[in-house]
Number of protein chains: 2
Amino acid sequence: MKIEVLKNITSANDTIAARNKQVLDRHKVFALNCMSSPGAGKTSLILQTIDRLRSELKLAVIEGDVASKIDADKIDEQGIPVVQINTGAACSLEAQMITPSLDKLPLENIDLLFIENVGNLICPAEFALGEHKKVVISSIPEGDDKPTKYPLMFSEADVIVINKIDLLPHIDFDVASFRKAVEGLNPDVKIFEVSCKTGDGIDAWCSWVSTEAKKAAS
Amino acid sequence: MKIEVLKNITSANDTIAARNKQVLDRHKVFALNCMSSPGAGKTSLILQTIDRLRSELKLAVIEGDVASKIDADKIDEQGIPVVQINTGAACSLEAQMITPSLDKLPLENIDLLFIENVGNLICPAEFALGEHKKVVISSIPEGDDKPTKYPLMFSEADVIVINKIDLLPHIDFDVASFRKAVEGLNPDVKIFEVSCKTGDGIDAWCSWVSTEAKKAAS
C-alpha cells in the first residue's frame, strides 16, 4: 500500500515537473538538479561554477535543505539570485516546491539555474523537478562502493562529479573500481574528477556546463 | 495529505518497535540503532567494536541497505551472526523489517545487537526500531554544519560519534562549532571523537557500549 501511495505521488510529481520544464524552456533557462549525500560538496561546486562562469552566463540558484539557510546565504554573498526552500520533514525536493520558486526568479534574465537538492542519496532520485540534466556529486571520503549501495541515484545521473580528489592520498578510494561500478549501471554517464578545494578539474566541468547551457539556448 | 500518511505510518511503526523492544528485553539483548550519512563509517565503527568487545560480549548485527550485501559480508567474515535487510526503494529501516530479522538471530545467545540503518541523515530519524539507544555517526569530511542542516537526526541521538578525526589536518572542520550546534539541539547527548582508521578514541566508545550493555542485562 505504501508503494502504491509512492507511485501516485511520483506520477503526479512527473506531471508538475514537465510543466516546470516548459516554463524553463520558454525562458531559455538551462537547469541542473544537483544531488548528493550530505556534505559531498554540492554548494562548493556551485560556488566554483559561479566564480568561473559568471562573466559569460547569467546564473541563479534554488537551494533545498531540510532546515537552515546556510547555503542560500553563501550564494547571496556572491550577488547571485537565490531562493531557499526548507523541506521540513521531506527528504527530497519535489516538483511542486520548484513551481513557486520559479515565480520568484527573474527567469527572463537567467541562462543557467542550479537546483541544489536536499543532501540524500536515496529519495531525490525518485523526483524529477523539471531539470534538463541530473548531476550526482560523489566525494572521495564516502567510499568507492556507493554506486553499488545506492544504484538508483547513479543510474539516474546524466553526469557524475567525483569531488574531494585532493584527499586521495589520505583515503582508500579506488577510482577505477568506482568508475567500473558506475559503468555497470549507467554506461553513457559523463564523469568529472574535481577538487572544489584546490580547483583541480573545475575547468573541464565548467566547460561542459557552459557548452550544454549554450546548446539549450540556441 | 502526504504528511497525514506519514503520521499514520510512524504511529503504526512505533507500536511494532515497542514489540521488538519487548522481545529484545526478554532475551537481555542491548540494541543500538546506528544512523549516518552514506560513508560516514557505520560499518567501520561496528567492525572496530566487534574487534574490541568480542571477548567479553556476544555480538550480532542487522545490516540495512537499499541494495547489496557488501556490509553483511564484512560482518560475516568476522564470524558474527548477521542478517541483511535490503530496503529497495525505502529510505530507512522500519520496525516491521526488524521483527522477522530477530527471528533469524540466536537471541538467547546475544548480548549486544547493532542495527546498521540505511545511509541517510533524514528518514531514519523518524522510525524507532525497538533499539535501546540511537547512535548518530557524523564524519569530519561532511562538514561541521550538519547538526544545523539536519536537526531532527541530531536531536534524536542518544550518542554522537564524530568519526574520521585523522582527517582534521586536511579539512576545515571546527569541532567546537559542531559541538556547540549539537548542544543547542540536544544538551545531554554524549559525544565521542574517534578514527576508525587509526583506532583513536575507540577505547572510550567501547567502554561506554560495554557498560551500557551490562547495565541493560543486569
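Now for a quick tour of the structure. (Residues numbered from 1 in each chain as written. Chains lettered and ligands numbered in written order. Predicted model: local features only at pLDDT ≥ 70, side-chain atom pairs only at ≥ 80, totals over all residues. Heavy atoms only, no water.)

Another aspect to go through is the packing of aromatic side chains. Residue and element names in this part refer to chain B. This structure, assessed with the given rule, holds 10 aromatic pairs over all chains. Taken together, a centroid distance of 6.0 Å and an interplanar angle of 85° make the contact between Phe-154 and Phe-178 edge-to-face. In this pair, Phe-154 is assigned in helix α6 (residues 151–156) and Phe-178 in helix α7 (residues 175–185), connecting sequence segments 24 residues apart. Residue class for Phe-178 comes out buried when judged on its relative accessible area of 0%. Ring centres 6.0 Å apart and planes at 80° place the aromatic pair Phe-192 and Trp-205 in the edge-to-face group. (Phe/Tyr/Trp six-rings, centres within 6.5 Å; stacked < 30°, edge-to-face > 60°. Helix = DSSP H or I, 4+ residues; strand = E, 2+ residues; numbered from the N terminus. Buried < 20%, exposed > 50% of the residue type's maximum accessible area, 1.4 Å probe, protein only.)

Relative to chain B, chain A is turned by 180° and slid 0.0 Å along the rotation axis, the superposed coordinates differing by an RMSD of 0.0 Å. Overall, the copies show the geometry of a two-fold rotation axis. (Least-squares fit on C-alpha atoms with pLDDT ≥ 70 in both.)

A few words now on the sheet that holds strand β1 (residues 30–36) of chain A. All names here are of chain A. One open sheet accounts for 7 strands, arranged β3-β2-β4-β1-β5-β6-β7; its pairing is parallel. The sheet is open, and its two edges are formed by β3 (82–86) and β7 (190–193), each paired on a single side. The sheet shows a mean angle of 20° between the axes of neighbouring strands, direction not considered. In this sheet, β7 lies alongside strand β6 (residues 159–163) in parallel orientation, the contact comprising 4 bridges. By the bridge assignment, Ile-162 is partnered in β7 with Glu-193. (Pairing = 2+ DSSP bridges. Axes fitted to C-alpha atoms, helices over the stretch in contact; angles between N-to-C directions.)

Glancing now at the nonpolar core. A:Phe154, A:Ile160, B:Phe154 and B:Ile160 are the most contacted members of the largest nonpolar core, which totals 52 residues. Breaking this core down by element, the ones donating at least two residues are α6 (151–156), β6 and α7 (175–185) of chain A together with α6, β6 (159–163) and α7 of chain B. Setting aside residues no more than four positions away along its own chain, A:Ile160 makes contact with A:Val136, A:Phe154, A:Phe178, A:Val182, A:Val189, A:Lys190, A:Ile191 and A:Phe192. (Core = buried A, V, L, I, M, F, W, Y, C linked by side-chain atoms within 4.5 Å. Contact = heavy atoms within 4.5 Å.)

An α-helical segment advances 3.6 residues per turn. Residues three or four places apart therefore align on the same side. Residue and element names in this part refer to chain A. For α7, every residue scored as buried is listed here: Val-175, Phe-178 and Val-182. The buried residues of α7 occupy an angular sector of 65° when projected down its axis, which confines them to one face. Facing away from the buried side of α7 by more than 90 degrees, the exposed set consists of Ala-176, Lys-180 and Gly-184. Summarising the contacts, the buried residues of α7 are in contact with β5 (133–139), α5 (146–149), α6, β6 and β7. Capping the start of α7, Asp-174 holds a side-chain oxygen 3.1 Å from the backbone nitrogen of Ala-176, two or three residues further along. (Arc of directions from axis to C-beta. Polar contact = N/O pair within 3.5 Å; in protein donor to acceptor, adjacent residues only side chain to side chain.)

Opposite charge on two side chains allows them to pair when their charged atoms are near. Scanning the entire structure with this criterion turns up 20 salt bridges over all chains. In this structure, B:Lys134 engages B:Glu131 in a salt bridge whose closest nitrogen and oxygen atoms are separated by 3.8 Å. B:Glu131 shares its class with B:Lys134; the two are buried. Several salt bridges converge on common partners, so that one network encompasses A:Asp71, B:Asp145, B:Lys146 and B:Lys149. (Salt bridge = Lys/Arg side-chain N within 4 Å of Asp/Glu carboxyl O.)

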